[in-house]
Amino acid sequence: MPGGSVWVLVLALALPSTGQQHLQEAERIMSTTPVIDGHNDLPWQLLRKFYNQLRLPAANLTLLNDTHTNIPKLRQGHVGGQFWSVYVPCETQNKDAVRRTLEQMDVVQRMCDLYPETFLCVTDSSGIREAFRTGKVASLIGVEGGHSIDSSLGVLRTLYRLGARYMTLTHSCNTPWADNWLVDTNDEEPVHHGLSPFGKMVVEEMNRLGMMVDLAHVSVDTMKMVLNISKAPVIFSHSSAYSLCQHRRNVPDDVLQLVASTGSLVMVNFYNAYVTCSEKAQLSDVADHMDYVKKVAGAQAVGFGGDYDGVSGVPTGLEDVSKYPMLVAELLARNWTEQEVKGALAENLLRVLSRVEEVKRSLQGTAPLETPIAFEELERSCRTSYGYSNGAGTARAPPAALAPPLALALLLALLS
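For every chain, the first residue of the written sequence is number 1, and numbering continues from 1 onward in sequence order. At least 70 in pLDDT is required for a residue's local features to be given in this predicted model, at least 80 for side-chain atom pairs to be given and counted, and no such filter applies to totals for whole chains, interfaces and linings, which use all residues. Calculated side-chain values reflect all of the structure's heavy atoms, with hydrogen atoms and water omitted.

1. Looking at the packing of helix H7 (residues 153-161) against helix H8 (residues 197-209)
The relative placement of two packed helices is expressed as an angle between their axes plus a distance between the axes. Just so we agree on the cut-off: All axes are obtained by fitting lines to C-alpha atoms, using only the stretch in contact for helices, and the reported angles, taken between N-to-C directions, cover 0 to 180 degrees. Helix numbering and strand numbering both begin at the N terminus, where a helix is a DSSP run of H or I of at least 4 residues and a strand a DSSP run of E of at least 2. Any angle that falls under 35 degrees is termed roughly parallel, while one over 145 is termed roughly antiparallel, one within 65 to 115 roughly perpendicular, and all others oblique. Note on convention: near helix rotated counterclockwise from far helix by under a right angle means a left-handed crossing. Clockwise means right-handed. Only heavy atoms matter for contacts: two residues are in contact if any of them lie within 4.5 Å across the pair. Polar here means any residue outside two lists: the nonpolar Ala, Val, Leu, Ile, Met, Phe, Trp, Tyr, Cys and Pro, and the charged Asp, Glu, Lys and Arg; Gly therefore counts as polar.
Two numbers describe how H7 lies on H8: the axes approach to 11 Å, and their chain directions differ by 25°. Classified by the angle between their axes, H7 and H8 sit roughly parallel to one another. The two elements H7 and H8 meet at a crossing, and its hand is right-handed. The residues of H8 that touch H7, namely those facing Leu 153, Leu 156, Arg 157 and Tyr 160, are Phe 198, Met 201, Val 202, Glu 205, Met 206, Arg 208 and Leu 209. By residue class, the composition of the contact of H7 with H8 is eight nonpolar, no polar and three charged.

Take a look at the structure:
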């Protein structure tokens, strides 16, 4: 990408000759196969810092300097595709999650509108390849947490129509239909032991729509259940290997084997806590995770999922999005082939997305799923029940102690 050659020359001059050769090779490879990263939280930073007011002078993405991500860094890092996370916190669940999610999706669209020379909003694999050809950053939307659909298949379909191309089934909280990773710790109890019947419908509808299922943040039972029922390969948009760092956000070996058998993808996270299970990490530690996923699941199962601008600590050597070439150089130093490197950079994700699109086409004659989640499975204090068989209006169940007297009063009224 423009400016990348100057940047890599500066880096190479500071490296031993072997390091220079690997970095120059990384530069050459990435000039035609730039990285597609699975997860970046810049939209969340734009909300926190500027309340999504992108035209404020301080929000200029060319000059922004207190984030992991800005336009010059993306150019230096040879970023050719980015799934922008439209994250909203778990505390929005049963409140304003849908509205907040729509606002974050709007931010991504406005980034493309405001910087058309840099970002190209796309929704499919052919759009990504077109962005590669024109030297732009293919910009796709990832919904980070099933709470963003408020347990509604209609909302899921609407988010897809607005451009969302993956959804993480949970964030760090259960939804009414899926368990998150905290149930594998002592912090929470399992509720669904994976997916509820409605959760299975969500996966089925995502397959029909052509939306990738993301298993970052979910429990191990949820991972296994989805990998066994999904008609299309799935992704872990920002997760690492559990055997190298025993954090429950990471992917255990038996799940990695399912990843291999289903043609799915683990996009390795750079967050120190998931890389070394400590506050500090090195670039080489991330390469260890990529090596490990490659060993257990195959080179076709490896991708990049930096989690930039969503985490508090990243490894030395991977301080921001400009540093991807350094990690590629490390992989080359570890005897990754050019084909394996190109796979991890972009081709593995493009293969998964293309397969998801093929499954969508195969299901073209399948009707949308319409059965709503059972009303009693929802948190109901701020929710209406229009359309449910138990009546319309604000759903406020009477206290248990009052239910028998109310039922008796109703019966007497009917008999009188």
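2. Description of the pairing of strand E5 (residues 164-168)
The test is simple: Exposure classes here rest on a 1.4 Å probe applied to the protein chains alone. A residue is buried below 20% of its type maximum, exposed above 50%, and partly exposed in between. Two strands pair under a simple rule: DSSP has to find at least two bridges between them. Handedness rule for crossovers: strands pointing away from the viewer, path from the first strand over the helix to the second running clockwise, crossover right-handed.
Extensive coverage of E5 is indicated by the burial of five of its five residues. Bridging between strand E4 (residues 137-144) and E5 involves four bridges; their strand directions are parallel. For Glu 144, the partnering residue across the bridge sits in E5 and is Thr 168. In this region the chain leaves E4, passes through H7 and returns to the parallel neighbour E5; the handedness of that crossover is right-handed.

3. With respect to the state of the cysteines
Rule in force here: Our working definition of a disulfide is a cysteine sulfur pair at a distance within 2.5 Å.
Applying the stated criterion across every chain, the model contains three disulfides. Two residues share a disulfide in this structure: Cys 90 and Cys 173, whose sulfurs sit 2.1 Å from each other. Handedness here is read from the sign of the S-S torsion; for Cys 90 and Cys 173, about -85°, the answer is left-handed. One end of the pair, Cys 90, is in the loop between strand E2 (79-85) and helix H5 (97-114); the other, Cys 173, is in the loop between E5 and H8, and 83 residues separate them in sequence.

4. Section: the nonpolar core
Here is the rule: We define a nonpolar core as any set of buried Ala, Val, Leu, Ile, Met, Phe, Trp, Tyr and Cys residues linked to one another through side-chain atoms lying within 4.5 Å.
Counting residues in each nonpolar core, the largest one holds 116 residues, and the members touching the most others are Phe 119, Ile 128, Met 167, Leu 169, Leu 215, Met 290 and Phe 304. Sorting elements by how many residues they give to this core places helix H14 (residues 338-362) first, with ten residues. Not counting chain neighbours up to four residues away, the residues in contact with Leu 215 comprise Leu 169, Met 223, Val 226, Leu 227, Val 234, Ile 235 and Phe 236.

5. Things to note about the packing of aromatic side chains
Just so we agree on the cut-off: A pair of Phe, Tyr and Trp rings is counted when the ring centres sit within 6.5 Å of each other, with Trp represented by its six-membered ring. The angle between the planes then sorts it: under 30 degrees is stacked, over 60 is edge-to-face, the rest tilted. Distance and angle both matter: a charge sits over a ring if NZ of Lys or CZ of Arg is within 6 Å of the ring centre and within 35 degrees of the ring normal.
Considering all chains together, one arrives at eleven aromatic pairs under this definition. Consider the rings of Phe 270 and Tyr 324, whose centres lie 6.1 Å apart with planes at 55°: the pair is tilted. With a gap of 54 residues between them, Phe 270 in the loop between strand E8 (265-268) and helix H11 (272-275) and Tyr 324 in helix H13 (residues 324-333) connect regions that are remote in the sequence. Residue Phe 270 is classed as buried on the basis of its relative accessible area, which comes to 0%. In textbook terms, an aromatic cluster arises when at least three aromatic residues are bridged by ring pairs, as seen for Phe 270, Phe 304, Tyr 308 and Tyr 324. When the ring centre of Tyr 160 is taken as reference, the NZ or CZ atom of Arg 165 above it lies at 3.7 Å. For Lys 294, the ring lying beneath its charged end belongs to Trp 336, and the centroid distance is 4.5 Å.

6. Thoughts on the environment of Leu 114
In this fold, Leu 114 is placed in helix H5. Looking at Leu 114, the relative accessible area reads 24%, which means it is partly exposed. Sequence separation between Leu 114 and Asn 60 is 54 residues; the distance between their C-alpha atoms is 9.8 Å. Leu 114 has contacts with Leu 54 and Arg 55, leaving out every residue within four places of it along the chain.

7. Focus on helix H3 (residues 42-50)
Residue pairs three or four apart in sequence face the same way in an α-helix, which turns once every 3.6 residues. Counting buried positions along H3 gives seven out of nine residues, so the element sits mostly inside the fold. Inspection of H3 places Leu 42, Pro 43, Trp 44, Gln 45, Leu 46, Leu 47 and Phe 50 among the buried residues, and these make up the whole buried set. Buried-residue contacts for H3 involve strand E1 (35-40), E2 and H5. Directly beyond the C-terminal end of H3, a positive phi value near 45° is found at Tyr 51.

8. A look at the pattern of salt bridges
Test applied: What makes a salt bridge here is a side-chain nitrogen of Lys or Arg within 4 Å of a carboxyl oxygen of Asp or Glu, nothing more.
Tallying each qualifying case throughout the model produces 18 salt bridges. As a salt-bridge pair, Arg 157 and Glu 205 come within 2.8 Å of each other at their nearest N and O atoms. Of this pair, Arg 157 sits in helix H7 while Glu 205 sits in helix H8, and the two are 48 residues apart along the sequence. The residues Arg 157 and Glu 205 share a single accessibility class, namely buried. Across the pair Glu 358 and Arg 355 runs a salt bridge, and its minimum N-O distance is 3.1 Å.

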